[in-house]
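Geometric and topological summary
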Amino acid sequence: MSEPAVKVTEKPEEKEILLSVNNIEVVYDEVILVLRGISLDVPKGELVTLLGPNGAGKSTTLKAISGLLKTEDGEVTRGTITYKGENIANSSPDDIVRKGIFQVMEGRRIVEDMTVIENLRLGAFTRRDREINDDIEKVFHYFPRLKERTGLAGYLSGGEQQMLAIGRAIMARPEMILLDEPSMGLSPLLVKEVFGIIRNINKEQGITMLLVEQNANMALHSASYGYVMESGKIVLDGTAEELLSNEDMKEFYLGGGSGERKSFKNIKSYKRRKRWM
Amino acid sequence: ADTIPVGHLAAYTGPTSGVGIPYGNGIDDALAYINKHGGVNGKQIKFDTVDYSYNAPRAIATYKKWMSSLKPVAIQGWGTADTEALVKFIARDKIAYISASYSGHLTDPTGKSPKTKSPAPYNFFYGPSYSDACRGLVQWAAEDWKAKGKSGKPKFIHMGDNHPYPNAPKAACAEYAKELGFEVLPSIVYSLKPADAKAQCLSLKESGADYAYLANTSSSNISLLKSCGTVGVKTQFLTNIWGWDENSIKATGDAGDGIVWVVGAAAWGDDVPGMKTLKEISKMSDPSGTKRRMLHYVRGVCATFYMKEAMVKAEAMGGITGENIKKGFEQMKDFVPPGLEGVCTPSTWTAEDHRGTTLVNVYTSKYNGGDFKMTKLATVEVPRRPEWLGW
Amino acid sequence: MSSSAHARMNCGEFRTTYEQDTTIFPTPLSRRMVIAAVVFLCFAPFVLNAYFLNLGIQIGYYAVAALGLNIVVGFTGQISLGHAAFFGFGAFASAWLNNSTGIPVFFCIPLAGMMTMALGLLVGIPAGRIKGLYLAIATLASQFILEDFFARAEWFTGGVAGAMANPFSMFGYEFNTDQSYWYVVLVYLVVMFLMATNLLRTRDGRAFVAVRDHYLSAEIMGINLTKYRILSFGISSFYAGVGGALFGHYLGFVSAEGFNILLSIQFLGMIIIGGLGSVMGSLMGTVFMVLLPEVMEAGVSLAGGFFPGVTQALAYIKEMSIGLAIILFLIFEPDGLAHRWRMIKAYWKLYPFSY
Amino acid sequence: MSETAPLLEVRGVSLSFGGVHALTDVSFQVRKGEIFSIIGPNGAGKTSMLNCISGRYQPNQGSIVFKGKELIGLRPNDRCNLGIGRTFQNLALFNHMTVLDNIMVGRHHLLKNNFLTGSIYWLTGARREELRHRAEVEDIIDFLEIAHIRKSVAGTLSYGLRKRVELARAVALRPDLILLDEPMAGMNLEEKEDMARYIIDLNEEWGMTVVMIEHDMGVVMDISHRVMVLDFGKKIAEGLPDEVMADPRVRKAYLGEDDVEDGREARAGEVA
Amino acid sequence: MNFELLTQLIVNGLIVGTLYGVVAMCFVLIYKSTQVVNFAQGEFLLIGAWTCWALLVKFHLPFWIGFPVTLAFMVVFGILLQMVVLRPLIGEPIISVIMVTIGLSMFFQSLMGWIFGVYAKPFPQVFEIQSVSFLGLQIQTAYIMSLVISIIIMIGFYYFFKHSRLGLAMRATAFDQQVAQSLGISVKKVFAAAWAISALVSALAGVVVGMVNGVSSALSFFGIKVFPVVILGGLDSIVGSIVGGLIIGVLENLAEFVDSQWLHLGNMYTIAPFYALVVILMIKPYGLFGTKDIERI
Ligand SMILES: Nc1ncnc2c1ncn2[C@@H]1O[C@H](COP(=O)(O)OP(=O)(O)OP(=O)(O)O)[C@@H](O)[C@H]1O
Ligand SMILES: Nc1ncnc2c1ncn2[C@@H]1O[C@H](COP(=O)(O)OP(=O)(O)OP(=O)(O)O)[C@@H](O)[C@H]1O
Ligand SMILES: [Mg+2]
Ligand SMILES: [Mg+2]
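Residues numbered from 1 in each chain as written. Chains lettered and ligands numbered in written order. Predicted model: local features only at pLDDT ≥ 70, side-chain atom pairs only at ≥ 80, totals over all residues. Heavy atoms only, no water.

Regarding its fold elements, chain D presents eleven helices and ten strands. Taken over C-alpha atoms, the radius of gyration comes to 19 Å for chain D, in line with the 19 Å a tight globule of 272 residues would show. Overall size of chain D, expressed as C-alpha extent along the three principal axes, is 65 × 40 × 40 Å. Expressed as a percentage of its 272 residues, the buried residues of chain D come to 64%. Here the analysis covers contacts within chain D between residues at least 6 apart in sequence; of these, 66% occur between residues at least 24 apart. (Helix = DSSP H or I, 4+ residues; strand = E, 2+ residues; numbered from the N terminus. Rg over C-alpha atoms; globule rule 2.2 N^0.38 Å. Buried < 20%, exposed > 50% of the residue type's maximum accessible area, 1.4 Å probe, protein only. Contact = heavy atoms within 4.5 Å.)

Below, the structure is given as structure tokens:
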């Protein structure tokens, strides 16, 4: 078991680090080691993205931060997670939400037997102010389709459910949002819109974000900093510009590594390529 | 051996614990008393009390356990299902089995009665069988009807849950009631579990029955009588040996007044010669002697003392074995255990007929806020007809 | 199977053919252990006294029935609260067949199983439409309806008086002692468990689990939902019926009183404690549930020796501690005994690289 | 494409839930051997269309003919015997089974053993049959490169891997028509390339006709033979990928009209 | 046909039915917020009834003090129970939790037997008039009390689940504990609240039954008796539990009527509701008011 990968570049120092994950190891079911020493920092007000192939451990990392790991028989066996200087590795998920970190879980995870509005109100569960209804309107403004859906949320189409999941995060008005593949299942038009909304929330409301995304292009164009992980380790990190111009990144994540993008039709070899590991 | 091994299957927990506790306590106290006062001709009874929670397989397991360690010569048992399940085993192992299940068909040791499915040679119980007790009540009711000077055919109804125990005397009793000139109405079912029974009471009221036999146990009779109290039923209630006791009188209050039921032995505090011994026995677990014991307790004591006397007779016959205890029982004729005169009803067992007694003591009770009174109305002798053996 | 596979049995799993991959026992060691256990059980009657034999027999017939319940609850995901009634039906059916037709008990037991299966299929029909807890309560209804039937159907059950059941006999030899009946139960136990294991690793067994895990996609994968939902009731009832028949011929007497909702709940307890969806778990859970009251009883009589005259209070303590033992057990082992067993195996397999 | 009779013919299908018209009078044909893509905005009725074909939903109107047989009225499990297999948009694996068993479930309709023969296993040929099918399943596992997770419990896999297992399960059905609902959701570029390859192989080498819903325009454009566009339950376009992409209505409804030069651009997601 | 008897039976059914409804509501409450089928429901009634009985008889408190104290005690009891027994099981399979409630039921059944004995004990007279006459039928005052209270509770519950924050949180928790936690809902608190409220309402029902039938261990049978009610109304419907209670109550009485007038089969009173239940479920698989599972894929 080797040491975690060395950072490629130093992060800009002047930013205040809101969330810092230090060398954590995660084990599922007491035997399955999934994360082998992950470290990452999220500066306040920034949008940081986490990329990586299927099964790398991206969702696991987010769940470790939000505390939801415990509900899946997972455990952080080493390392610390500090949020505003406080170690939250052992806090319960609801405490963490109340501290200001809100996770949009992978795979939509809406409450199917409630209506759209009830789901949105649930998003605002930790809030007690009177602007909840205004925020509901705001969500409907972003996603007009949702407003027309008056039945139970379980009957929404996949994309509509995804909109609702994002809407719920908007309702929560947290200090920090962990987004797990927000663009999954959305039409191209909506993907653009959703990223617009994400940037908007990040920039205008100053909400810090950690974004896990498969659409690396979109993600890196919105983010200021990025990490790439594979098999439970960070293998590459750097500012968004650096990553966008990294040759390996172009090859495996962005498409069109050396010049022209290959057509999907013409890719012949689909054997796993040797990578950074 | 210097000790006599005896097993005691008790139902201190489980659905029948309400009556199982006093009965079992009676047995435990009586055994302790016997041991304290010289045992059986100087031999101590080594007894093992096991609470089996009214669960037949567990009773069998206990029996097997005993057979491999305690090796009892006699067993004091409890419920219907477990007693029936053990009939064959005890016959094979030759163990005298005194149960608290008074099913009629345990009274035929040889199987000569056409109504008997299989003989129960080693089974004994103290008191009238369920069927005979019900017959006794019907017989009383017939006289009551005459005494009240009413005319016409009195109407009789059987009430109880659709379960082995309440149903046990149903057919036998209905037949006798018909014979005595009753009109027998279709029976009404009410739950063994106490629950509101106003619906059944309304049916009862509607049916116009004059006498209703309640075949359930006391706790469910409480709710029935309470419910019938609000509905205003005029029927005369009759109930069996497990159907009514001190507790139910108190719990039911006025609604239970006037019920008529079967008592198997003297009640606590009755003015009978044997009461002194009984009070001594009670002190075995209640040294202060202040506890008021229930009817079931007294029956437990009697059942144990008959067993003891059978053991005494067995010893005289050459040794305390299950076989000899059985013979000991079968030698008893209008027998009352010494010291318990007036407490236990004289009983007779023969090699062909295990109906210990056919005398039915009919009582009634009255509640007067806080305290209550139990009065004996009559002692009815049910005929010992041969065709009723085992039924 | 190559002999080298045997040699490496302890460190990891090496398999070179699919045959090896589909054996019942994950490692040759576990196979030998189970065979050794069965061999030991064959000699048990010479070693154990009647009490332990009796407990063993109890475990045997309950485990067969519990396995059936696990098929419908653990594998197909349909909670049944009426298992005791099927168990009882099997007991009555076997006694009735034997008493009324004179068919030897040897044949009556499987026949009773089939009769119970037929009943199970009938009672399972609502499962085609009703799901989840609604179905659970529908099975509760069948529990009460069947109990009522037992008390009513004099021709079949002997009504309130109950029915006598003759001892098991084969070629004129009566298995009426615990020693001999032990073998009858053992054979049934081994055969029924083997059959269940086979069933669950073949087509229909997988279909059950698929229906449990995701019935919508199961249907699109070509599985006929109604058929499998009802079938699992049928198979489960078959096991219950055989277990019940074994019970009836052991006790020699079948009474309607015994097959109540409490027994149904106890069956559920067996499989939950053992582990839902685990064949061996059914056995482990049964062992737990049968032995628990005995252990408590032993503890209580031990305590009773020190404090005479408190037997009655001890009886309550015993009942309480049974409840408590179940609660504590589930707090510490919510996935059941079988899960713990798997974890231990996984640990040893990976040792010393448990991470 | 040769002019063979259509493998699947959907005629005038309408479907509504209460007030929601998920599909309105949709007709199209899928020819044997093609890769046919359905695209459209979220909530347009794409998944509902697949559900109608695979039998989850019964359309209010219209008919669906597959290999000359009317599908309406057939139960979903019977359609699978005719040769229709599918994957799901929201994962629908059997979460507590191993990957291997999940895929073996796909063989259900091809296996002959039942609870009787299965129980006695060794005596009835059930074992032999199981092993034979196991070998075929292993081929599929190899093909989709999921051998390393063969014994993993499906519920513990990551999202992307589960998608792949779903594909394997659908392939195990050996369908003539395979319906894929967003097979590439949650995958990165490289994995999408792999997936595209699998689909092309399934189509070309395994001879399966593919109907695919996908939001990634690059993939759709590159690998599909024909594309249909749904919007608000209505078909708004159908044709060759390039033709469809050029349709202004499609660009407006689906891609967002202004700054789109071509599908690739949209996929790359350049945002001004 | 005896119409007087029939009306009296129907009225009786309605009265008893409301009581079933109240117990069913406790059940639904737990189910709706935790998905747990509470097999210890009957024991909750028992504990409540015994507590109140002890306060009134042993401590000689007047009813209007003893009763609220009982309710307060039950709230504490529910919370403690949740903390000690159910909290460690959060996130574990629901079926394990259900089994734990079976263990709880065994435990409390014997504990109550130990403390209070197994004999039925009468409740002291609480109301001046024990019963009032309605349509020729005597109705116990305690039932009237339960009728009034149950209507209030029902309305309360309805609004609670529809509109309150906690109600919403409970529904979300029942749907998926992980999702609920991710939204900042404390599953522990939701559980505590659900068990506490359920214990409180159960105690109320227990006291009413105790007043009518006397207190005894058999009271816990209500816990099973109420199953058909809950299912008939729909497992997750507050309104359904009341309607289900009324229907089962009336059905029992109608069965008794039909049986006593014509059939003479016996036992119809207890068995008929179960037949009816199966038939109704075949027509409406989610009971009368239960929400359907979402079968979307
Ligand atoms: N509950 C669990 N139990 C056991 N193993 C798990 C569990 N959840 C995830 N894993 C394993 O952890 C690894 C990482 O999974 P994770 O979901 O974090 O991947 P990911 O990077 O999010 O992938 P994807 O892009 O496919 O969503 C996978 O190999 C997976 O099999
Ligand atoms: N069972 C149902 N009950 C009610 N409405 C439904 C049901 N199924 C689908 N709908 C509605 O029908 C419309 C079409 O849904 P569908 O799932 O087919 O969309 P889709 O094209 O697959 O969208 P996406 O790309 O977001 O998955 C949606 O608005 C959805 O809310
Ligand atoms: Mg993920
Ligand atoms: Mg869709």
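Here the focus is the interface of chain C and chain B. At the interface, 37 residues of chain C touch 31 residues of chain B. In total, chain C and chain B occlude about 2,900 Å² of area from one another, counting both sides; carbon and sulfur atoms represent 57% of this. Across the contact surface, chain C and chain B share three salt bridges. Two residues, D51 of chain B and K318 of chain C, come together in a salt bridge whose shortest N-O distance is 3.4 Å. Applying the counting rule to chain C against chain B returns seven residue pairs in polar contact (both at pLDDT 80 or more). Of all elements in the fold, only helix 4 (50-75), helix 7 (132-152), helix 12 (225-251), helix 14 (279-306) and helix 15 (311-332) of chain C reach the threshold of two or more residues within the side of chain C that touches chain B. Ranked by the residues each element gives to the side of chain C that touches chain B, the list is headed by helix 4 of chain C, at seven residues. When grouped by side-chain class, the residues that make up the side of chain C that touches chain B number 17 nonpolar, eleven polar and nine charged. (Buried area = accessible area lost by both parts, 1.4 Å probe. Salt bridge = Lys/Arg side-chain N within 4 Å of Asp/Glu carboxyl O. Polar contact = N/O pair within 3.5 Å; in protein donor to acceptor, adjacent residues only side chain to side chain. Nonpolar A, V, L, I, M, F, W, Y, C, P; charged D, E, K, R; others polar.)

As a further point, take the site of ligand 2. Of all residues adjacent to ligand 2, which total 22 residues, the nearest are S157 and G159 of chain A, T47 and S48 of chain D together with R296 of chain E. Near ligand 2, the surrounding residues belong to chains A, D and E. G43 of chain D is positioned such that a nitrogen or oxygen atom in its backbone is 2.8 Å from an oxygen atom of ligand 2. A distance of 2.9 Å is found between an oxygen atom of ligand 2 and a backbone nitrogen or oxygen belonging to G45 of chain D. Protein chains shield 95% of the accessible area of ligand 2, which is 630 Å² for the free molecule. (Near = heavy atom within 4 Å. Areas by Shrake-Rupley, 256 points an atom, 1.4 Å probe, with all protein chains shown as cover.)

We now examine the pattern of salt bridges. Under the defined criterion, the tally for this structure stands at 52 salt bridges over all chains. We note a salt bridge from K43 of chain B to E315 of chain B, for which the minimum N-O separation is 2.8 Å. Highlighted residues: K43 of chain B in the loop between helix 1 (17-36) and strand 2 (44-51) and E315 of chain B in helix 11 (residues 295-316), separated in sequence by 272 residues. When its relative accessible area of 23% is taken as the criterion, K43 of chain B is described as partly exposed. Here D204 of chain C ties to R203 of chain C by a salt bridge, and the two come within 3.2 Å at their closest N and O atoms. Here the salt bridges do not stand alone but share partners, grouping R127, D129, E131, D135 and R173 of chain A into one network.

All names here are of chain E. For helix 11 (residues 238-263), spanning 26 residues, the distance from its first C-alpha to its last is 35 Å, which sits close to the expected 38 Å at 1.5 Å a residue. Capping the start of helix 11, S237 holds a side-chain oxygen 2.7 Å from the backbone nitrogen of G240, two or three residues further along. Of the residues trailing helix 11, H264 is marked for its positive phi of about 55°. (Expected span 1.5 Å × (residues − 1).)

Right, let's talk about the pairing of strand 9 (residues 236-239) of chain B for a bit. For a regular strand, the rule is simple: side chains alternate between the two faces of the sheet. All names here are of chain B. Neither face of strand 9 is left uncovered, since the one carrying Q236 and L238 and the one carrying F237 and T239 both have all their residues buried. Of the pairings in the sheet, the one linking strand 8 (residues 211-214) to strand 9 comprises four bridges and is parallel in character. Opposite Y211, over in strand 9, you have Q236 as the bridge partner. As for the winding sense of the linkage, the β-α-β connection from strand 8 through helix 8 (residues 218-231) to strand 9 is right-handed. As judged from the two bridges shared by strand 9 and strand 10 (residues 260-263), these two strands associate in the parallel manner. Looking at the pairing, L238 lines up with V260 of strand 10. For the handedness criterion, the β-α-β arrangement of strand 9, helix 9 (residues 246-252) and strand 10 is classed as right-handed. (Pairing = 2+ DSSP bridges. Right-handed = clockwise from strand over helix to strand, strands pointing away.)

A comparison of contact numbers over the eight pairs of chains in contact places chains A and D at the top. Across the gap from chain A to chain B, with no contact made, the nearest C-alpha atoms are 37 Å apart. Nothing in chain B touches chain D; the tightest C-alpha to C-alpha distance between them is still 30 Å.

Glancing now at the sheet that holds strand 1 (residues 6-17) of chain D. Residues and elements named next belong to chain D. Sheet architecture is open: four strands sit in the order 2-1-4-5, paired in antiparallel fashion. Sheet topology places strand 2 (20-31) and strand 5 (69-70) at the edges, where each strand pairs with a single neighbour. Taken together, the eight bridges between strand 1 and strand 2 define a ladder with antiparallel strand orientation. Counterpart to L8 in the pairing with strand 2 is V30. Here helix 1 (residues 46-54) sits on the sheet and contacts strand 1, strand 2 and strand 4 (61-66); the angle it forms with strand 2, its principal contact strand, is near 65°. (Axes fitted to C-alpha atoms, helices over the stretch in contact; angles between N-to-C directions.)

Moving on to the coordination of the magnesium ion (ligand 4). Residue and element names in this part refer to chain D. The coordination sphere of the magnesium ion (ligand 4), as far as protein atoms go, consists of T47 (OG1) and Q89 (OE1), spread over 1.8 to 2.1 Å. Of this pair, T47 sits in helix 1 while Q89 sits in the loop between strand 6 (84-86) and helix 3 (99-106), and the two are 42 residues apart along the sequence. A relative accessible area of 9% places T47 in the buried class. We classify Q89 as buried; its relative accessible area is 6%. (Donors = N, O, S within 2.8 Å, 3.2 Å for Na, K, Ca; no water.)

Moving on, we come to the interface of chain A and chain D. With 46 residues of chain A at the interface, the matching set in chain D holds 52 residues. For the pair chain A and chain D, the number of links is zero salt bridges. Going through the elements one at a time, helix 6 (158-172), helix 7 (188-204), helix 8 (216-222) and helix 10 (247-254) of chain A are the ones with two or more residues in the side of chain A that touches chain D. Of the residues in the side of chain A that touches chain D, the class split is 14 nonpolar, 16 polar and 16 charged.

Take the domain arrangement of chain D next. Residue and element names in this part refer to chain D. The domain boundaries assigned to chain D delineate domain 1 (1-83 + 177-272) and domain 2 (91-174). The straight-line distance from the C-alpha centre of domain 1 to that of domain 2 is 27 Å. Both sides together, the interface formed by domain 1 and domain 2 hides about 1,300 Å², and carbon and sulfur atoms give 73% of it. On the domain 1 side of the contact with domain 2, C80, Y198 and W206 bury the most area, a combined 41% of that side's loss. (Domains from an automatic or database assignment.)

To continue, consider the site of ligand 1. Looking at ligand 1, there are 20 residues lining it, with K58, S59, T60 and E106 of chain A together with G160 of chain D nearest. Those chains with residues close to ligand 1 are chains A and D. At a separation of 3.5 Å, an oxygen atom of ligand 1 approaches a polar side-chain atom of E181 of chain A. Here Y159 of chain D contributes a backbone N or O atom positioned 3.3 Å from an oxygen atom of ligand 1. It is helix 1 (residues 58-66) of chain A that contributes the most residues to the shell around ligand 1, three residues altogether.

Before going further, it helps to examine the pairing of strand 4 (residues 74-83) of chain A. Residue and element names in this part refer to chain A. Strand direction decides the pairing type here: strand 1 (residues 17-28) and strand 4, joined by eight bridges, are antiparallel. Looking across to strand 4, one finds that E25 is bridged to R78. Direction of pairing for strand 4 relative to strand 5 (residues 86-87): antiparallel, over a ladder of two bridges. Across the sheet, Y83 pairs through a bridge with E86, a residue of strand 5.

Let us now look at a nonpolar patch on the surface. Residues and elements named next belong to chain E. On the surface, a nonpolar cluster with roughly 560 Å² of combined accessible area is contributed by I151, I155, Y158, Y159, V239 and F289. Here the nonpolar patch takes four residues from helix 5 (residues 141-163), the largest share from any one element. For Y159, the location among the structural elements is in helix 5. (Patch = residues over 30% accessible without salt bridge, like charges linked within 9 Å, V, L, I, M, F, W, Y side chains within 5 Å.)

Donor atoms from the polypeptide that bind the magnesium ion (ligand 3) are S59 of chain A (OG) and E106 of chain A (OE), placed at 1.9 to 2.3 Å. In this pair, S59 of chain A sits in helix 1 while E106 of chain A sits in the loop between strand 6 (101-104) and helix 3 (116-123), placing the two residues 47 residues apart along the sequence.

Moving on to helix 10 (residues 203-213) of chain C. For helix 10 of chain C, a buried count of ten out of eleven residues is recorded, marking the element as mostly surrounded by other parts of the structure. Within the span of helix 10 of chain C, buried status applies to R203, D204, G205, R206, A207, F208, V209, A210, V211 and D213 of chain C.

What follows concerns the state of the cysteines. Think of a disulfide as a covalent bridge from one cysteine sulfur atom to another cysteine sulfur atom. Residue and element names in this part refer to chain B. Evaluated as defined, the whole model comprises three disulfides over all chains. In this model, C134 is linked to C173 through a disulfide, with the two sulfur atoms separated by 1.9 Å. Looking along the S-S bond of the C134-C173 disulfide, the torsion reads about -75°, which is the left-handed sense. You can see C134 sitting in helix 4 (residues 130-147) and its partner C173 sitting in helix 6 (residues 170-179), a full 39 residues away along the chain. Take C134 and C173: they sit in the same class, and that class is buried. Each disulfide pairs two cysteine sulfurs, and for C302 the partner residue is C344, the sulfurs being separated by 2.0 Å. Judged by the torsion about the S-S bond (-95°), the C302/C344 disulfide is left-handed. Placement of the pair is C302 in helix 11 and C344 in the loop between helix 12 (322-330) and strand 11 (359-368), with a sequence separation of 42 residues. For the pair C302 and C344, a shared accessibility class is recorded, and that class is buried. Going through chain B in sequence order and numbering each bonded cysteine, the pairs you get are 1-2, 3-4, 5-6. (Disulfide = S-S within 2.5 Å.)

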